[in-house]
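# Examining the three-dimensional arrangement
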Amino acid sequence: MFDSGVGGLTVLKAIRERFPNTDLVYLGDTARVPYGTRSSETVIRYSLECAGFLTEKGIDVLVVACNTASSYAIDVLRSRFPVPLVGVVDPGVKEAARVSKGKVGVIGTQATVKSGTYQRILRSMGFEVVAKACPLFVPLVEEGLVEGEITDRVVEMYLSDLKEAGVDTLILGCTHYPLLRRSIERFMEGVYIVDSSEAVAKDLDSFVVDSGSGTTELYFTDRYQNLDRMVELIMGERIPPVLVSEGSLPGSPF
Ligand code: DGL
């Protein structure tokens, strides 16, 4: 699976919990994070390079753990790579559609919200959708501010509109947001929270038989200062990351 950085480890963790024996290979494009503020062309190009790296590792299934990449690149990736491919958008939508009585909130990066992917699919299913970009959530998590007064204030600032709109279900449409879940849940009391990482893990039931050695390989394109701390925060354990230069990814122009 790949993500723009460390956030996709929330998806990796959910998959590991569901499939303890499956061998997992993760690429976090930490040299080029965030994807959430970039153009669709750039997100697609980066996604193709990440997927190329992983298919060279001999994977059987590709999980696009990044919501921004899933929103823009899933069709292109499907047309270029022969392995079964699971993105984070469809499983999250499926779960929301299962529980919502009609009004769904979606939060994500600026690029994810601008792509309109979640909104289009949910509206085509008859749901009313209120979408909101929450650009400060990713840096909050990266700073380790997953709880506390500052986090609660930022949550309130972004989510007041959705609360007032009366959404009954809220999709956390960004890899980092599950880490803010406690604060989000407190503020959106009574609203059903859809964590895409859990939804993806469930969706893999039809592709994964859970036989293997249960190994986890973590590759990152940059070993930035907070990397080891973030891996430990999300995974709850230390897993040594391996550095791979983004210029060496297949198809990279560098
Ligand atoms: N992984 C991204 C997502 O889920 C969040 C971080 C970024 O902007 O790259 O949309």
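Refer to the structure above for everything that follows.
Since we're looking at a predicted model, the values are computed, not measured.

## Overview of the overall build of the chain
- Scanning the chain from terminus to terminus reveals eleven helices and ten strands.
- On C-alpha atoms alone, the chain measures out to a radius of gyration of 17 Å, which is about the 18 Å that the 2.2 N^0.38 rule sets for 254 residues.
- Counting only C-alpha atoms, the chain reaches 45 × 40 × 35 Å along its principal axes.
- A fraction of 74% describes how many contacts in the chain between residues 6 or more apart in sequence connect residues 24 or more apart.
- Separation of charge centres in the chain, based on 26 positive and 34 negative side chains, amounts to 3 Å.

## Focus: unusual backbone geometry
- A cis amide bond links Val33 to the next residue, Pro34, at an omega of 5°.
- Structurally, Pro34 can be placed in the loop between β2 (24-28) and α2 (40-55).
- Positive phi is not limited to glycine here, since Asp210 has a value of about 60°.
- In this structure, Asp210 sits in the loop between α10 (196-203) and β9 (216-220).

## Description of the pairing of β9
- Summarising the sheet, β2 and β9 pair through five bridges and their orientation is parallel. The residue bridging Tyr26 from the neighbouring strand is Leu218, located in β9.
- Note: β9 against strand β10 (residues 242-243), two bridges, orientation parallel. Looking across to β10, one finds that Phe220 is bridged to Leu243.
- Each parallel crossover has a hand, and for β9 linked through helix α11 (residues 227-235) to β10 it is right-handed.

## Considering the nonpolar core
- By size, the foremost hydrophobic cluster in this structure holds 50 residues, and its most contacted members are Leu9, Ile15, Ile107, Phe137, Leu159, Leu170 and Ile184.
- Ignoring sequence-local partners within four residues, the contact set of Phe137 consists of Ile107, Val154, Val155, Tyr158, Tyr177, Leu180 and Ile184.
- Among the nonpolar cores identified, the runner-up in size contains 27 residues, and Ala51, Leu54, Ile59 and Leu249 belong to it.

What counts, and where the lines are drawn
Residues numbered from 1 in each chain as written. Predicted model: local features only at pLDDT ≥ 70, side-chain atom pairs only at ≥ 80, totals over all residues. Heavy atoms only, no water. Helix = DSSP H or I, 4+ residues; strand = E, 2+ residues; numbered from the N terminus. Rg over C-alpha atoms; globule rule 2.2 N^0.38 Å. Contact = heavy atoms within 4.5 Å. Lys, Arg positive; Asp, Glu negative; His and termini not counted. Charge placed at Lys NZ, Arg CZ, Asp CG, Glu CD. Pairing = 2+ DSSP bridges. Right-handed = clockwise from strand over helix to strand, strands pointing away. Core = buried A, V, L, I, M, F, W, Y, C linked by side-chain atoms within 4.5 Å. Buried < 20%, exposed > 50% of the residue type's maximum accessible area, 1.4 Å probe, protein only.

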